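What the coordinates show
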Amino acid sequence: MSTSRTGRLRSQEWWDNPDNPGMTALYLERYLNFGLTREELQSGRPIIGIAQTGSDLAPCNRHHLDLAERVRAGIRDSGGIPFEFPVHPIQETGKRPTANLDRNLAYLGLVEVLYGYPLDGVVLTTGCDKTTPACIMAAATVNIPAIVLSGGPMLNGYQDGELVGSGMVMWEGRRRYASGEITYDQFMDRVSDSAPSIGHCNTMGTALTMNSLAEAVGMSLPGCGAIPAPYRERAQIAHATGQRATALVLENITPRDIMTREAFENAIVVASAIAGSTNAPIHLNAIARHVGVDLTDSDWQRVGQHIPVLVNCQPAGEYLGENFYRAGGVPAVMHELMQAGELRTEALTVSGKTAGANVADTYATDRSVIRSYDEPFEAHGGMIVMRGNLFDSAIMKISVISDAFRERYLSNPDDPDAFVARAIVFEGPEDYHDRLDDPELNIDEDCILVMRNSGPIGYPGAAEVINMQPPSDLLRRGVTSLPTMGDGRQSGTADSPSILNASPESAAGGNLSLLRTDDLVRIDLRQGRVDVQLTDEELRERRAAHEPPVLVNQTPWQELYRSTVGDLSTGGCMELAVQYQDVANTYGVPRDNH
């Protein structure tokens, strides 16, 4: 609810409370010192926050500093008063040891701002991977009216007349550099060409996936998720978002009204249809927990595994975000899903209309980029949930399984969609880089590369380090990918099939900690099983002899994070935080500060 228990706007409890003139005077006077008037603050007009994620430290979101002016204009034009404030920066390519460490920190800070300051509603500015879930998680917890403004992808990148996608070009460049095909300078130049403008990743990585899902779950205006950052339409929808933020307060529509079970299932089917990032289940599950919806990895397989791939975007396809937008973007995909009976059409969205009404008149304008449901690019675009004697849950994205990978590992007529591989175990990315080319490991095509101690507790933060490539000698022979597995994450721009997000992680006592190099592991995609070929007794003996890794906290937040974080399978949330539901309505406005 946007109003307090007295039926007034929350902000009026600070700035216009005749029953408490002493505190009203204290709250009011300091907010006048930069030019606002008493008449404005006591007018009963909604106060709309702009949660600013853009900064020099967050280049993917930096253009929100300019877009905020259009948001402000939209808020003013619709009768509201804008208040812009900073959000803790989260830049995937800048923050060490991993930006995922800061998702929960940004969430925590934003909860305190939304609850403790005189805000009636908020515009959440999102872009780079973790900014989207962090902002939506906070809005879900506090539950004041909120709307997402995505920043949009970069323009298409080109080199030698061919599309080069951000992120994906990195993994390709690493392989080519390791095999000696390109020099250091050529590697740097190629990567630089993939980032031609303002905006987040132009591939269907985690950023474009999560902003598309913010739209699919109903938290953005139709079409917002994929507009390229430099396009005029991005500034235009910023203005419309500011206008709609004020209306959401006046109509008393909150995140809990929008993010229902049906809305999350819409997000899952869209994630499958766009061949979205393997990080999406982590973040969407986390958002759901904070809004009080029980969403699990099993739901991703049940709801989304049968959905075909409709979008031809890298890394699973050919094109980039600019092409995706021009072909119709998320509304066109949702329209195709609705036509096939796979969209929950009655789910409410921030537009004030249902999901079905939003996309009833949209359509794909380029069938080379967005296909119809009956003629998809791939028959199945969802995630497979893997289980076994090494972990309780892990995720595998099937849309990036190449023909070469399928031929090598999944085409045994006597054991279809299954294979046995010899494990090569690394204790983290440093160990992997140090030993990958060690001839004593004898890594060949029949191996699976395994990285552990890279989960939420072990890293800390669960870094995107399961982007493992074969050793140099295999790359030179044309083997560009091996099976990989780990308790960490993989970049959403990665083009290799991996078993990821293994939970419980090794540092939390998961059985992945017991795996040894040269153990044989059987992977069965049809059964969703991953099992090391050891008896229960052998595993018990290893457990008895196991010594957990020594974890060193380098900052206070790392210690707090490790002591509160849960498994990736349940969203990697601060476990103590999920009990705080609908805070603004459960507790009303906070007590006075003087």
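Just so it is clear, the structure is predicted and the values come from calculations on it, not from any experiment. (Residues numbered from 1 in each chain as written. Predicted model: local features only at pLDDT ≥ 70, side-chain atom pairs only at ≥ 80, totals over all residues. Heavy atoms only, no water.)

1. Observations concerning the confidence of the model for the chain
Model confidence for the chain is summarised by a mean pLDDT of 95, while 99% of its residues fall at 70 or above. Across the chain, element-level confidence peaks in strand S4 (residues 146–150) with a mean pLDDT of 99 and bottoms out in helix H7 (residues 168–178) with 82. Every residue in residues 1–6 scores below 50 in pLDDT, and together they form 22 contacts with partners more than four places removed in sequence or on other chains. (pLDDT = per-residue confidence, 0-100. Helix = DSSP H or I, 4+ residues; strand = E, 2+ residues; numbered from the N terminus. Contact = heavy atoms within 4.5 Å.)

2. A closer look at empty space enclosed by the protein
Within this structure, the stated rule accounts for four cavities of 30 Å³ or more. The volume enclosed by the largest cavity comes to roughly 110 Å³. Along the wall of the largest cavity there are 13 residues; nearest its centre are Trp171, Arg175, Asn467, Met468 and Ser496. In this structure, the second largest cavity spans a volume of roughly 80 Å³. Taken together, 13 residues line the second largest cavity, and the ones lying closest to its centre are Glu215, Pro222, Met334, Asn358 and Val359. Contributing elements (two or more residues each) for the lining of the second largest cavity: helix H9 (206–216), helix H16 (329–339) and helix H17 (355–359). (1 Å grid on protein atoms, 1.4 Å probe; cavity = no way out; pocket = protein on both sides within 12 Å on 5 of 7 lines; lining within 4 Å. Points joined across faces, edges and corners; volume = space filled by probe spheres on them.)

3. So, the packing of aromatic side chains
Counting across every chain of the model gives nine aromatic pairs. Ring geometry for Tyr409 versus Phe419: centroids 5.2 Å apart, planes at 45°, classification tilted. Here the residue Tyr409 occupies a position in helix H18 (residues 403–409), and Phe419 occupies one in strand S9 (residues 418–426), the gap between them amounting to 10 residues. Residue Tyr409 is classed as buried on the basis of its relative accessible area, which comes to 6%. Ring pairing ties together the aromatic residues Trp15, Tyr31 and Phe83, which thus form one cluster. (Phe/Tyr/Trp six-rings, centres within 6.5 Å; stacked < 30°, edge-to-face > 60°. Buried < 20%, exposed > 50% of the residue type's maximum accessible area, 1.4 Å probe, protein only.)

4. Points about helix H13 (residues 280–291)
The terminal C-alpha atoms of H13, which comprises 12 residues, lie 17 Å apart, in line with the 16 Å expected from a rise of 1.5 Å per residue. Burial in H13 covers these residues: Ala280, Pro281, Ile282, His283, Leu284, Asn285, Ala286, Ile287, Ala288, His290 and Val291. The positive-phi residue at the C-terminal boundary of H13 is Gly292, with phi of around 90°. (Expected span 1.5 Å × (residues − 1).)

5. Examining the pairing of strand S14 (residues 529–532)
For a regular strand, side chains alternate in direction, first toward one face of the sheet and then toward the other. Sheet topology places strand S13 (residues 520–524) next to S14; four bridges connect them, and they run antiparallel. Of the residues in S14, the one forming a bridge with Val521 is Val532. Between S13 and the antiparallel strand that follows it, S14, lie four residues; Gly528 among them carries a positive phi value of about 65°. (Pairing = 2+ DSSP bridges.)

6. Considerations on the sheet that holds strand S12 (residues 498–503)
Here we have eight strands laid out as an open sheet, ordered S7-S8-S12-S11-S10-S9-S13-S14, and mixed in their pairing. The strands lining the two open edges of the sheet, one partner per strand, are strand S7 (383–386) and S14. Pairs of neighbouring strands in the sheet enclose a mean axial angle of 30°, with direction left out of account. The sheet contact formed by S7 and strand S8 (residues 393–397) spans four bridges and is antiparallel. Paired with Val385 across the two strands is Ile395, which belongs to S8. Running at roughly 140° to S7, helix H14 (residues 297–304) makes contact with S7 and S8 of the sheet. (Axes fitted to C-alpha atoms, helices over the stretch in contact; angles between N-to-C directions.)

7. Observations concerning the packing of helix H12 (residues 261–273) against H16
When two helices pack together, their arrangement is given by the angle between the helix axes and by the axis-to-axis distance. In contact at an axis separation of 10 Å, H12 and H16 are set at 105° when each is read in the N-to-C sense. The pairing of H12 with H16 is recorded here as roughly perpendicular in orientation. Across the interface between the two elements, Val269, Val270 and Ala273 from H12 touch Val333, Met334 and Leu337 from H16. Class assignment for the residues of the contact of H12 with H16 results in six nonpolar, no polar and no charged. (Parallel < 35°, antiparallel > 145°, perpendicular 65-115°, else oblique. Nonpolar A, V, L, I, M, F, W, Y, C, P; charged D, E, K, R; others polar.)

8. Structural notes on the pairing of S9
Counting buried positions over the nine residues of S9 gives eight, a clear majority of the element. In the sheet, S9 pairs with S13 via five bridges, with the strands oriented antiparallel. The residue of S13 that forms the bridge with Val420 is Arg522. Across five bridges, the pairing between S9 and strand S10 (residues 447–451) is parallel. For Ala423, the partnering residue across the bridge sits in S10 and is Ile448.

9. Comments concerning the environment of Gln186
Along the polypeptide, Gln186 turns up in helix H8 (residues 184–193). In this structure the C-alpha to C-alpha distance between Gln186 and Gly173, which are 13 residues apart in sequence, comes to 8.9 Å.

10. Quick word on the environment of Leu213
Summarising the element assignment, Leu213 is placed in helix H9. Between the alpha carbons of Leu213 and Thr586 there is a distance of 28 Å; along the sequence they are 373 residues apart. Those residues in contact with Leu213 that lie beyond four places of it in its chain are Ala267, Val270, Ala271, Ala280 and Trp300.

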